[in-house]
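# What the coordinates show
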Amino acid sequence: MKIWLDGGLQDIESARVSVFDHGLTVGDGIFETVKAVDGRPFALTRHLDRLTRSARGLGLPDPDLDEVRRACAAVLEANPMPLGRLRITYTGGHGPLGSDRGEHGPTLVVALGETARRPDSTAVVTVPWTRNERGALTGLKTTSYAENVVALARAHEHGATEALFANTVGQLCEGTGSNVFVVLDGEIHTPPLASGCLAGITRQLVIEWTGAKETDLPLDVLERAEEIFLTSTLRDVQAVHRVDARELTGTPGPVTAKAMRVFDERAGADLDP
Ligand code: PLP
């Protein structure tokens, strides 16, 4: 397996970053996960726009997007696979043992892992911890993901694959690695970005392609929604058949099934929508 580091391809076994890299010591980094179908990245331009927005939010120098594109292409070419997940990581780089940034420039790593198409439906749980809709990192795709790791472990303990957060004012927000949509009176709704959720690429495409509305939703909407689904780069559109103890029969419901169809058709036709 070849990855991109220090401006070129390296063997993953011998590639090294500093043990004082701030991505490791203080979680000062950002990332993108990009789906690659037969070696071709999906929605790469949107992912690179978000990478730049996240860098600016953290005060990191803008990533060199030409290099990131070259890195993605080189890693994909070196590691052929039918369905892959590119992982672009960009950190504050080697720094002092504190939170101040050092003189060294950022670290860019591009790696690739194999993935599989997700099942059409899944179970989710809600967790008692909240997303902060007004934090310095809100809406940025940072490597400070430990809270998501803890919540996802909770989901797995309950036989689910995703955990859903409310924000600090009790509104539905997002999952650990996905956005959430609900169907009410036949219409699709998803929490607005002001809820504190990530501006998911899949979320945005589903809004554009289905006309889903951005609506403030209380967490308990999950107890009455006719249908619920998740979106993410690796899940695409995935129906929810259980939320906590509530079973949703007939999953995927008709509105979700249509959203899945529309997404598959449009995404399949245009790799850089
Ligand atoms: N929300 C969070 C916290 C995420 O980490 C992700 C993706 O990893 C998403 C939402 C979905 O975003 P996207 O559709 O861009 O993958």
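Keep in mind that this is a model prediction, so the values were computed, not measured.

What counts, and where the lines are drawn
Residues numbered from 1 in each chain as written. Predicted model: local features only at pLDDT ≥ 70, side-chain atom pairs only at ≥ 80, totals over all residues. Heavy atoms only, no water. Helix = DSSP H or I, 4+ residues; strand = E, 2+ residues; numbered from the N terminus. Rg over C-alpha atoms; globule rule 2.2 N^0.38 Å. Buried < 20%, exposed > 50% of the residue type's maximum accessible area, 1.4 Å probe, protein only. Pairing = 2+ DSSP bridges. Contact = heavy atoms within 4.5 Å. Axes fitted to C-alpha atoms, helices over the stretch in contact; angles between N-to-C directions. Domains from an automatic or database assignment. Buried area = accessible area lost by both parts, 1.4 Å probe. Salt bridge = Lys/Arg side-chain N within 4 Å of Asp/Glu carboxyl O. Polar contact = N/O pair within 3.5 Å; in protein donor to acceptor, adjacent residues only side chain to side chain. Phe/Tyr/Trp six-rings, centres within 6.5 Å; stacked < 30°, edge-to-face > 60°. Near = heavy atom within 4 Å. Nonpolar A, V, L, I, M, F, W, Y, C, P; charged D, E, K, R; others polar.

A few words now on the overall build of the protein. The helix and strand tally for the protein stands at 6 helices and 15 strands. In terms of overall dimensions, the protein is globule-like: its C-alpha atoms have a radius of gyration of 19 Å, near the 19 Å expected for 273 residues. The principal-axis extents of the C-alpha atoms in the protein amount to approximately 55 × 40 × 30 Å. When burial is assessed residue by residue, the protein has 48% of its 273 residues classed as buried.

A separate point is the sheet that holds strand β4 (residues 40–41). Pairing in this open sheet of 6 strands is antiparallel, and the strands run β2-β1-β6-β5-β3-β4 from one edge to the other. Pairing within the sheet leaves two strands with one partner each, and these edge strands are β2 (8–11) and β4. Pairing geometry for strand β3 (residues 29–37) and β4, over 2 bridges, is antiparallel. Bridge assignment links Ala36 to a residue of β4, and that residue is Pro41. Set on the sheet, helix α2 (residues 44–58) makes contact with β3, β4 and β5 (83–91); between it and β3 the angle comes to about 175 degrees.

According to the domain assignment, the protein contains domain 1 (2–114) and domain 2 (121–269). Each of domain 1 and domain 2 has a C-alpha centre, and these two points are 26 Å apart. Contacts between domain 1 and domain 2 engage 22 residues on the former and 19 residues on the latter. For the domain 1 face of the interface with domain 2, the top three residues by lost area are Phe31, Arg46 and Arg50, together amounting to 37%. Between Asp236 and Lys35 there is a salt bridge; the shortest N-O distance is 2.6 Å. Applying the counting criterion to the domain 1 and domain 2 interface returns 8 residue pairs in polar contact (both at pLDDT 80 or more).

Looking at chain direction, strand β1 (residues 2–5) and β2 are connected through 4 bridges and run antiparallel. Residue pairing in the sheet places Leu5 in a bridge with Gly8 of β2. Hairpin connection from β1 to β2: 2 residues lie between these consecutive antiparallel strands, with Asp6 at a positive phi of about 50 degrees.

This part is about the packing of aromatic side chains. By the definition in use, this model includes 4 aromatic pairs. Seen in terms of ring centroids, Phe31 and Tyr145 are 5.1 Å apart; in terms of plane orientation they differ by 85 degrees. Their pairing is edge-to-face. With a gap of 114 residues between them, Phe31 in strand β3 and Tyr145 in the loop between β7 (121–131) and α4 (146–157) connect regions that are remote in the sequence. Residue class for Phe31 comes out buried when judged on its relative accessible area of 5%. Residue Tyr145 is classed as partly exposed on the basis of its relative accessible area, which comes to 25%. Both rings, one in Trp209 and one in Phe263, keep their centres 5.6 Å apart while their planes meet at 50 degrees; by these two values the pair is tilted.

What the rule picks out here adds up to 14 salt bridges. The shortest N-O distance in the salt bridge between Arg117 and Asp236 comes to 3.8 Å. Taken together, the positions of Arg117 in the loop between β6 (107–114) and β7 and Asp236 in strand β14 (residues 236–243) put the pair 119 residues apart, joining distant regions of the chain. For Arg117, a relative accessible area of 53% gives the class exposed. On the basis of relative accessible area, Asp236 is assigned to the buried category, the value being 12%. For Arg224, the salt bridge is made with Asp220, and the minimal N-O distance between the two is 3.7 Å. When salt bridges with common partners are traced through the structure, they connect Lys35, Arg117, Asp236 and Asp264 into a single cluster.

Not every one of the 16 residues close to the ligand is listed here, only the nearest: Lys141, Tyr145, Glu174, Thr202 and Thr233. Contact distances for the ligand include 2.7 Å between an oxygen atom and a side-chain N or O atom of Lys141. Thr233 is positioned such that a nitrogen or oxygen atom in its side chain is 2.6 Å from an oxygen atom of the ligand. Residues that form the shell around the ligand fall into these classes: 3 nonpolar, 9 polar and 4 charged.

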